[in-house]
Each structure stands twice: as C-alpha cells, then as structure tokens.
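What follows is each chain in one-letter form.
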Amino acid sequence: MLKRSGQILVTVLLLYILIFAIMTYPLIFNFTRFMPGFFSTDESYAIVWSAWFYQFANAHDLSLLKTDFLSFPYGVDLYSCGSLGLLLFLINYGLALIASPILTYNIQILGNFLLSAMSIFFLVRYLTRSALAAFLSGLIFSCSPYFFMRSWQHLGDTYQWPLFIFVFTLIRVFDNPTSLNRTLFVAGFALLTLGFNIIYAPVCFLVFLALLLLLSVRKKAPAVVSAQPIKRIVFLAIIGSVVVSFQVLPFILQSLRHRHSTPAAFNPYVRPFEDLFNQSAQPLSYFLPAVVHPLFGRFTQLFVGSRLYGSSITEHTLYLGWLPLFLAALAFRRWKKRGVLRDSGPAADQRYDMYTAFFLILAVAAWLFSQPPWRKIGPLTLYLPSFFMYKLIPTLRAYSRFGAVVMFAVAVLAGLGLHSFLKNMQSSFKRFCITGVCCLGVLFEFWNYPPFNVINAEKAPQAYYWLKSQPADIILAEYPLDLGSPSEMYKMYQMTHQKKMINFIVPGSAADKNARQLTRLSDYSTVQRLKEMGVSYVFVHRSAYERTELTVDSRELAMIRENPGLRYLRSFPAQGCLGSQVLCIEKSGPIDVYEIKLPNTSR
C-alpha cells in the first residue's frame, strides 16, 4: 500500500513538473538565463537584484540592511518595513548563496508552483480519497491565470501554499488531534508570514470557526461537531498567533507609529484610500479569460479600464475558469441535495458535507473581501469588508488579491465536484479519461502563450558593459530621473555595471526632495549639483527621456549636449532582442554617455 502511494505521488509530481514546463515554455530550457515576465514586468527585477546584492555585499563586506549603491549619497533602507518579510528574506538569501540571481528567482517560481499544486492535492485527496480529483484541484490553482500573472510581476504573491497547508492542518487537527497534527498546525501558522497569507488566514479560520459554532448551536451533525474540538483549535490558534507575532509585531508597532502619516503608494504603513477602488475586484474580473489568452484575450482587452473589469491587468486577472466553476457547481448541487447540513447519516457523510459547506462559504467570504469599499445600488450604499479593514489596517490596498482565496476554494470544490461525478463509475478507464478531459479543458482555459511570457535577463545593453570597465569608485546618474516611481530596470542594469548611482529614488525621501531640483540636465546648476554629489557619468536614455513631461520644452533634449558642464563621450545605438517572441532586458533605445567635466569640489 505504501509502495503504491509512493508511486502515485511520484507520478503526480512528475506530471506537475511536465505541465509547468509546458505552461511556461520556453522557460524550462533556459532556466539560468530566462525569467517569467510579460510586457509590464518591473517589480520582479527587484527580487533578482536583491539576490545579486546579497552576493555582492558578501563579497565586499557590505551591509544587507542599508546601502548607498542606490539613491547615492542618501542611500536606502532595504528592509524599512520591519521584519514582516523575514522568512522570504531568508529564502532569497539562502538561495542567493548557492545560485545565480536569475536561478534564485526561477527556483522559487517552480517551487511555489509545485508546493501549491501538491498541498491542494494532499488536501483534496484527504477529503475525497481520490487521487484523480485531487490532481485536478492542484492543477486548477497552480495553472490559474492568477498564479502566472503573479509569477510575472510579484514573486511574493506566488507564496500561496502556506495558506493551503494552514487550512489542511486546520482540518487535520479538527479531525484527529494527535500531537503530530497539533505541531503541524502551529508550524502552519509560522509559515503564514510568507506572502499575503497573514491576511488571508484569519478569514479562512473565522469562516471555519463560524461554521463549527453554527453547527454546534443548531446541534446539527452531532457525530462531527462538539465543544471540545472548537476549544482545541482556538487554543492552538492562540499558540500559533504567538509564534507569528515575533515576525509581525515589529511591523505592527511601526504601523502604529506611522498611523497618521500621509497616505502614499510608497508609504508602507498608510496607503491611499483610492487604491481600494483601483485594486479591488470588479464584476467581470472573475469571469473573463486572461488578456494573455491567445484566443480570448483580445475580447477581454476590450473591457480593461472599464468599471466592469478594472484597469490593472496584474490585479484584475482573477479568472476562475468556466470548467472549474461548473465542477464546483456539481459539488454545490450534491451538497444541497443531501440536505445542506444534514443532522443524520454516517459520520463520514456529515464530515464531507461540513467541509463542502466550509469551502462554499469561504469562496463567498473571500469574494466579498476582494470587492471595493462599497457598492451603490440605487440610493443604497452597501459597505463591504475592505471599507472596515482599511480602518483597522490602512497598510492594505490590493484587496483583489483575495481572489487567490476564491481560486483556492473553487479549485477544492471542483475536485469535490469531480469526485461526486466519478465515484459511482465502475470503469477505471472512464474515470481516467474524464479526468484527463477535464485537465485538458482547464489547461486550455488557462493557456497563456503565444507570445511567450518570459524575459531573457542574461545580457544588459552594451552601454553598461562599457561602464563596468570604468573605475570602480565612479558614481552614475541615469536620465530621465526616476521620480514618482523608483526604476527597477535601472537596478537591474546595476547588476552589470556594479557602480553606485543616484537613481532608485523613493518618493518622499531626502533623495526625492533633492532629485526634484535636478530634473533638467540642460541647466548648468544641475550639473554643478551632480558634481557636488560625486557623480562622474550621466547616461541619457533618449527614447525614455522623450516620454517624460520634459517634452513640453522641445529643446530640452537637444540642449543637454550644449551644457558646458558636460562632455559628450559617445552614443550607444538602440538594441533589440534576439528572437521576436522573447522579451529581453537587453532591449533599449539609444543611450548617450556624458562625463561631468567641472573641477573637483568637496562633497
């Protein structure tokens, strides 16, 4: 029996790896050079840069907490948000010590794909005893547009598997409170600080607890619910909260100190209230295929920017899939037909119904949490959970990310629905065929290429290789300055040239206040100030420069070369990507290189 179970697990794991390779093609064949990404990728570069900086800092005995390699000479605090991301930092740091920066990123994407799929597989198999239903459930979430969109933009939001493990251990400790299950439940709590799970988990826990209390009060399903297991899981939750507090408490204290600070996108403690509308789910977000779908994406694109879908492709790609929804409806139909919450019959059936009810309620609750602060229905204003959550935790803004919990619940329910359809089928061949068709249907709904959603991150523009050959102590300024939003691409190029730079300017910082006086490179006073800061070279990105507000002065770009404080050295021509279907960081417009030729001054 154990041998057979082991064979099933190995087969499932290999199938998931194969599916990952297909769904991310051609990433798997260029695992050390390519990284997941699409046309608006930028934040993923931050993780790659961090892995590089860990290696660079270790080699040069530099601090990992603050560096002046960015925003020179002011520097930036690399972990200004407290220790909330301690586990993620340890994972990144540990991988960076043994792997290249790109490989560090890709290992986490593959790992999170497999851990998400396998954790849901174990959960659904535990509930149904069906490997086929469990396989489909794991496939649905791990191949969902939500997961892939996050893998192209926000690595931290692919860390959803701790939530699935938490729910699994919650169910296990309720069913069978052994010492092992209790320990696993507390350990599951400790993992919740990875990603956004520290917010998702309380919703899952409260839904579960509310359902148990409801059953207990109504004296439904007496063979399943009693007061003792409710007390047990509350006690264990308290212990788990204490464990988590060691990571969360520093951030909470910082949040309380900054509670009355000015709301801003780059203020980690108080986000603008308007973001709750811009980054919340809209009516069609869950029901339209991803814009990257090769057949249906163009149809969805028609709704992007509307109130029906939302304006952010990253935040509003929450497509659940019509086939998973259909299978979830089968689970709902079976649950409703059996009497919703039956109070008689075998304990196993009562237990199955209770967990079906849990995931149904969880899907609805997470959907409500993903909505904007209010909806207006005629003269009536209906306030939703995000309105009240913001009052308590103003650091949150992207409530659309509760779509991950909706997707999780739908994936589990789809597995339960498939199980209810297959369980009375005698032929193993038919069960395999039906499951296979469902898997192919899900993969088709969630398909995401062509074009390929990968980026060749191996080579930078030639200008940065030239800069790397210059003396190590020079300082670089890249123009146009990255005001308003720190440039992750400038950071990515720093991995090649390895020089300090004044860029990566965080809004509201001292560097930001200084940089706002340096926007016009054509002004002689700007060059004087750059020299005082220690800047030696200036890179001018002509194509990017022309897209800034400075184009209102049509002579600005031409006047830069006339500035007597600058000496024009050379221009690097525009570069493209090898292969039309693969993006690359090597692609750039023309880059003009200037040297500041003013006499030396003290800094």
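How each quantity is defined
- Residues numbered from 1 in each chain as written.
- Predicted model: local features only at pLDDT ≥ 70, side-chain atom pairs only at ≥ 80, totals over all residues.
- Heavy atoms only, no water.
- Helix = DSSP H or I, 4+ residues; strand = E, 2+ residues; numbered from the N terminus.
- Rg over C-alpha atoms; globule rule 2.2 N^0.38 Å.
- Buried < 20%, exposed > 50% of the residue type's maximum accessible area, 1.4 Å probe, protein only.
- Contact = heavy atoms within 4.5 Å.
- Areas by Shrake-Rupley, 256 points an atom, 1.4 Å probe, with all protein chains shown as cover.
- Lys, Arg positive; Asp, Glu negative; His and termini not counted.
- Charge placed at Lys NZ, Arg CZ, Asp CG, Glu CD.
- Patch = residues over 30% accessible without salt bridge, like charges linked within 9 Å, V, L, I, M, F, W, Y side chains within 5 Å.
- Salt bridge = Lys/Arg side-chain N within 4 Å of Asp/Glu carboxyl O.
- Phe/Tyr/Trp six-rings, centres within 6.5 Å; stacked < 30°, edge-to-face > 60°.
- Lys NZ or Arg CZ within 6 Å of the ring centre and 35° of its normal.
- Pairing = 2+ DSSP bridges.
- Right-handed = clockwise from strand over helix to strand, strands pointing away.
- Axes fitted to C-alpha atoms, helices over the stretch in contact; angles between N-to-C directions.
- Parallel < 35°, antiparallel > 145°, perpendicular 65-115°, else oblique.
- Nonpolar A, V, L, I, M, F, W, Y, C, P; charged D, E, K, R; others polar.

A. Fine view of the overall build of the protein chain. Across its full length, the protein chain holds 24 helices and 12 strands. What you see for the protein chain is a C-alpha radius of gyration of 27 Å, in line with the 25 Å of a compact globule of 603 residues. Taking the principal axes of the C-alpha coordinates as reference, the protein chain spans close to 90 × 55 × 50 Å. Sorting the 603 residues of the protein chain into buried and exposed places 55% on the buried side. Within the protein chain, counting contacts between residues at least 6 apart in sequence, those at least 24 apart form 76% of the total. As presented, the protein chain carries roughly 26500 Å² of accessible surface, and 63% of it is formed by carbon and sulfur atoms. Between the centroid of the 53 positive side chains of the protein chain and the centroid of its 30 negative side chains there is a distance of 15 Å.

B. Region of interest: unusual backbone geometry. Cis geometry marks the peptide bond from P450 to P451; its omega dihedral reads -5°. Topologically, P451 is positioned in the loop between helix 18 (428–445) and strand 6 (454–456). A cis amide bond links Y479 with the next residue in sequence, P480, at an omega value of 5°. Along the chain, the position of P480 falls in the loop between strand 7 (475–479) and helix 20 (488–497). Non-glycine residue Q498 carries a positive phi angle of around 60°. Assignment of secondary structure puts Q498 in the loop between helix 20 and strand 8 (500–501). Residue class for Q498 comes out partly exposed when judged on its relative accessible area of 28%. Even without being a glycine, F504 presents a positive backbone phi close to 65°. One can find F504 in the loop between strand 8 and helix 21 (510–515).

C. Spatial organisation of a nonpolar patch on the surface. Together, V10, L13, L14 and I17 give the surface a local cluster of nonpolar side chains, amounting to about 320 Å² of exposed area. If you trace the backbone, L14 turns up in helix 1 (residues 2–23).

D. The arrangement of the packing of aromatic side chains in detail. According to the stated counting rule, one finds 58 aromatic pairs in the structure shown. Aromatic pair Y126 and F168: ring centres 5.6 Å apart, planes at 65°, arrangement edge-to-face. Within this pair, whereas Y126 is found in helix 4 (residues 101–128), its partner F168 is found in helix 7 (residues 161–175), the two being separated by 42 residues in sequence. Side by side, Y126 and F168 carry an identical accessibility label, which is buried. Here Y449 and F452 contribute two aromatic rings whose centre-to-centre distance is 5.4 Å and whose plane-to-plane angle is 55°, an arrangement assigned as tilted. Exposure class is identical for Y449 and F452. Each is buried. Within the aromatic cluster, the residues linked to one another by ring pairs are F141, F164, F174, F208, Y355, F358, F359 and F408. One Lys or Arg, R129, reaches over the ring of Y126 and ends 5.5 Å from the middle of that ring.

E. How the structure looks around the pattern of salt bridges. Evaluated as defined, the whole model comprises 13 salt bridges. Of the charged contacts, one joins D68 and K500 as a salt bridge, the two residues approaching to 3.2 Å between their closest N and O atoms. With D68 in the loop between strand 2 (66–67) and strand 3 (76–77) and K500 in strand 8, the pair connects residues that are 432 residues apart, well separated along the chain. For D68, a relative accessible area of 28% puts it in the partly exposed group.

F. Expanded view of the pairing of strand 4 (residues 374–377). Relative to strand 5 (residues 380–383), strand 4 is paired through four bridges, and the arrangement is antiparallel. Across the sheet, residue K376 finds its bridge partner in strand 5, namely T381. Connecting strand 4 to the next strand, strand 5, in antiparallel fashion are two residues, including G378 with a positive phi near 65°.

G. Inspection of the sheet that holds strand 11 (residues 583–584) at higher detail. Pairing is mixed in the open sheet, where three strands are placed in the order 1-6-11. The sheet is open, and its two borders are formed by strand 1 (34–36) and strand 11, each paired with just one other strand. Where strand 1 and strand 6 come together, three bridges link them in antiparallel fashion. When the bridges of strand 6 are listed, P36 appears paired with V454.

H. Representation of the pairing of strand 7 within the structure. Most of strand 7 sits inside the fold, with five of its five residues counted as buried. Here strand 7 shows a buried face lined by I475, A477 and Y479 and a second buried face lined by L476 and E478. Pairing of strand 7 with strand 8 involves two bridges; the strand directions are parallel. Bridging across to strand 8, I475 finds its partner in K500. Between the parallel pair strand 7 and strand 8, the chain is carried across by helix 20, and the sense of this crossover is right-handed. In this structure, strand 7 lies alongside strand 9 (residues 535–541), joined through five bridges in parallel fashion. Bridge pairing in strand 9 places A477 opposite V538.

I. Representation of the packing of helix 5 (residues 131–142) against helix 18. Two elements in contact, helix 5 and helix 18, have axes whose closest approach is 10 Å; the angle formed by their N-to-C orientations is 5°. As judged from the angle between their axes, helix 5 and helix 18 are roughly parallel. Facing L132, F135, L136, L139 and I140 of helix 5, the residues of helix 18 in contact are R431, F432, T435, C438, C439, V442 and L443. The residue makeup of the contact of helix 5 with helix 18, split by class, is 10 nonpolar, one polar and one charged.

J. Representation of the sheet that holds strand 7 in the model. Strand order across the open sheet formed by five strands is 8-7-9-12-10, with mixed pairing between neighbours. Both edges of this open sheet fall to strand 8 and strand 10 (566–572), since each of them pairs with a single strand only. Together, strand 7, strand 9, strand 10 and strand 12 (591–596) form the strand contacts of helix 22 (residues 524–533), whose direction differs from that of strand 9 by roughly 130°.

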